[in-house]
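One letter stands for each residue in the lines below.
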Amino acid sequence: MSINDASPADWDRVAKVARQSTMDTQVGGSHYTDQGIQPLEVTYENFGYYGVRASLYTKVNKYLTRNKGNHLQDLEKAKHCIELQIEFAKRGNAGG
């Protein structure tokens, strides 16, 4: 297939992948992504980047210190939280 043969649906699919956000994924369920707006989006709108930063700091600490029997999933959740913080930092222009 050549780039000239791509249909509008092909272009839409590629654009969606390019725009995919860390907010579009969730480790260990879908209870946040199913809500339409994620709680961190509400936190960001009400308290800005530093509100999100405090919230995610707490979550990362929780995931790294708890013992619920699935340590690997907790590490994945902590990693996801850090990826979310990076995304919000870029959005909020948090430089230093």
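Residues numbered from 1 in each chain as written. Predicted model: local features only at pLDDT ≥ 70, side-chain atom pairs only at ≥ 80, totals over all residues. Heavy atoms only, no water.

Q: An account of the nonpolar core is needed here, citing residue identities and associated values.
A: L40, Y44, Y49, V52, L56, V60, Y63, A78, C81, L84, F88 and A89 together form the largest nonpolar core, which totals 12 residues. Elements supplying a minimum of two residues to this core: α2 (39–65) and α3 (71–91). Per-element tally for this core: the top contributor is α2, with seven residues. Residue contacts for A78: discarding those within four places in its chain leaves V60, Y63 and L64. (Core = buried A, V, L, I, M, F, W, Y, C linked by side-chain atoms within 4.5 Å. Buried < 20%, exposed > 50% of the residue type's maximum accessible area, 1.4 Å probe, protein only. Helix = DSSP H or I, 4+ residues; strand = E, 2+ residues; numbered from the N terminus. Contact = heavy atoms within 4.5 Å.)

Q: Give me the pattern of salt bridges: which residues, what numbers.
A: Taken as a whole, this structure holds two salt bridges when the rule is applied. The closest approach of N and O atoms between D74 and R66, which form a salt bridge, is 2.8 Å. Given the relative accessible area of 3%, D74 is considered buried. (Salt bridge = Lys/Arg side-chain N within 4 Å of Asp/Glu carboxyl O.)

Q: Before we move on, can you summarise a nonpolar patch on the surface with the specific residues and values?
A: Side chains of L64, L72 and L75 sit close together on the surface and give an oily, nonpolar patch of about 280 Å² of accessible area. Of note, L64 is situated in helix α2. (Patch = residues over 30% accessible without salt bridge, like charges linked within 9 Å, V, L, I, M, F, W, Y side chains within 5 Å. Areas by Shrake-Rupley, 256 points an atom, 1.4 Å probe, with all protein chains shown as cover.)

Q: Report on the environment of E41, specifying residues and quantitative values.
A: Within the fold, E41 resides in helix α2. A distance of 3.0 Å separates a polar atom in the side chain of E41 from a polar atom in the side chain of R91. (Polar contact = N/O pair within 3.5 Å; in protein donor to acceptor, adjacent residues only side chain to side chain.)

Q: Give me α3: which residues, what numbers.
A: For α3, spanning 21 residues, the distance from its first C-alpha to its last is 30 Å, which sits close to the expected 30 Å at 1.5 Å a residue. For α3, the full list of buried residues reads D74, K77, A78, H80, C81, L84, F88 and A89. On its buried face, α3 sits against α2. (Expected span 1.5 Å × (residues − 1).)

Q: Give me the lowdown on the packing of aromatic side chains, citing residues and values where you can.
A: Applying the stated criterion to the full structure yields two aromatic pairs. For the pair Y44 and F88, a centre-to-centre distance of 5.2 Å together with 40° between the ring planes defines the contact as tilted. Taken together, the residues span a long stretch of sequence, with Y44 in helix α2 and F88 in helix α3 at a distance of 44 residues. Exposure class is identical for Y44 and F88. Each is buried. (Phe/Tyr/Trp six-rings, centres within 6.5 Å; stacked < 30°, edge-to-face > 60°.)

Q: Go over α2, please, and point to the residues and values.
A: In this model α2 runs just 22 Å from its N-terminal to its C-terminal C-alpha over 27 residues, more than 12% under the 39 Å that 1.5 Å per residue would give. Bending of α2 peaks at approximately 130° at the position of F47. For α2, the set of buried residues is L40, E41, Y44, Y49, G51, V52, L56, V60 and Y63. (Bend = angle between axes of the 7 residues up to and from the residue.)

So, to be careful, I would describe these as geometric facts and stop short of saying anything about function.
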